Amino acid sequence: MFLPISIIDDFLKSYKENNPKEDTKNLPKILSETAKSKKDGAVCNQCGQPIWAIGTAIVGWDGCFTCISGEADNSEDYEIEGVCF
Ligand SMILES: [Zn+2]
């Protein structure tokens, strides 16, 4: 399972720290949209698993954790609180 993280407080703060050059001003809006689509049942357009809301927000296509990151284990990665499945 993913580690739950809240959108504004935790994720954006750590994302900005790790990606200081990245423009993050639209990220809160995009993240709340991808979290909502995941809640509504959005699936990865490669394999049909539930999308990874954070990854989808960053890469810009509907993908699950495995297809976006290339890794099978998501236990050390974050997902928006409330859609950690
Ligand atoms: Zn996938």
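Residues numbered from 1 in each chain as written. Predicted model: local features only at pLDDT ≥ 70, side-chain atom pairs only at ≥ 80, totals over all residues. Heavy atoms only, no water.

## Describing the environment of Ala 53
And step 1. Here Ala 53 is to be found in helix α3 (residues 53–59).
And step 2. By relative accessible area, Ala 53 is classed as buried at 0%.
And step 3. Taking the C-alpha atoms as reference points, Ala 53 and Ser 32, separated by 21 residues in sequence, lie 8.6 Å from one another.
And step 4. Those residues in contact with Ala 53 that sit more than four places away from it in its chain are Leu 31, Thr 34, Ala 35, Lys 38, Glu 79, Ile 80 and Val 83. (Helix = DSSP H or I, 4+ residues; strand = E, 2+ residues; numbered from the N terminus. Buried < 20%, exposed > 50% of the residue type's maximum accessible area, 1.4 Å probe, protein only. Contact = heavy atoms within 4.5 Å.)

## What about the coordination of the zinc ion?
And step 1. Protein ligation of the zinc ion involves Cys 44 (SG), Cys 47 (SG), Cys 64 (SG) and Cys 67 (SG), the donor distances falling in the range 2.3 to 2.4 Å.
And step 2. Here the zinc ion binds 4 donor atoms, and the angle range of 103 to 119° at the metal identifies the geometry as tetrahedral.
And step 3. The sequence motif formed by the donor residues of the zinc ion is C-x2-C-x16-C-x2-C. Remark: Cys 67 occurs in helix α4 (residues 65–69) and Cys 47 occurs in the loop between α2 (27–39) and α3; sequence separation between them is 20 residues.
And step 4. Taking relative accessible area as the criterion, Cys 67 reaches 30% and is therefore assigned partly exposed. (Donors = N, O, S within 2.8 Å, 3.2 Å for Na, K, Ca; no water. Tetrahedral: all angles 85-135°; square planar, octahedral: opposite > 155°, others 65-115°.)

## Let's talk about the layout of surface pockets
And step 1. When its volume is computed, the largest pocket comes out at roughly 150 Å³.
And step 2. For the largest pocket, the full set of lining residues is Phe 2, Lys 38, Gln 49, Pro 50, Ile 51, Trp 52, Cys 64, Phe 65, Thr 66, Ala 72, Asn 74 and Phe 85.
And step 3. Here the residues of the lining of the largest pocket are counted per class, giving 8 nonpolar, 3 polar and 1 charged. (1 Å grid on protein atoms, 1.4 Å probe; cavity = no way out; pocket = protein on both sides within 12 Å on 5 of 7 lines; lining within 4 Å. Points joined across faces, edges and corners; volume = space filled by probe spheres on them. Nonpolar A, V, L, I, M, F, W, Y, C, P; charged D, E, K, R; others polar.)

## Quick notes on the nonpolar core
And step 1. Of all hydrophobic cores here, the largest spans 18 residues; its most connected members are Phe 11, Leu 27, Leu 31, Trp 52, Ile 54 and Ile 80.
And step 2. Listed by contribution, the elements that provide at least two residues to this core are α1 (7–18), α2, α3 and α4.
And step 3. Top element by residues in this core is α1. It accounts for 4 residues.
And step 4. If sequence neighbours within four positions are ignored, Ile 80 has contacts with Ile 5, Ile 7, Leu 31, Ala 35, Ala 53 and Ile 54. (Core = buried A, V, L, I, M, F, W, Y, C linked by side-chain atoms within 4.5 Å.)

## Description of the side chain of Glu 79
And step 1. Residue placement: Glu 79 occurs in strand β2 (residues 78–80).
And step 2. On the basis of relative accessible area, Glu 79 is assigned to the buried category, the value being 0%.
And step 3. A distance of 2.8 Å separates polar atoms of two side chains, one belonging to Glu 79 and the other to Lys 38.
And step 4. Beyond its immediate sequence surroundings of up to four residues, Glu 79 is in contact with Phe 2, Leu 3, Pro 4, Ile 5, Lys 38, Ile 51, Trp 52, Ala 53, Ile 54 and Cys 84. (Polar contact = N/O pair within 3.5 Å; in protein donor to acceptor, adjacent residues only side chain to side chain.)

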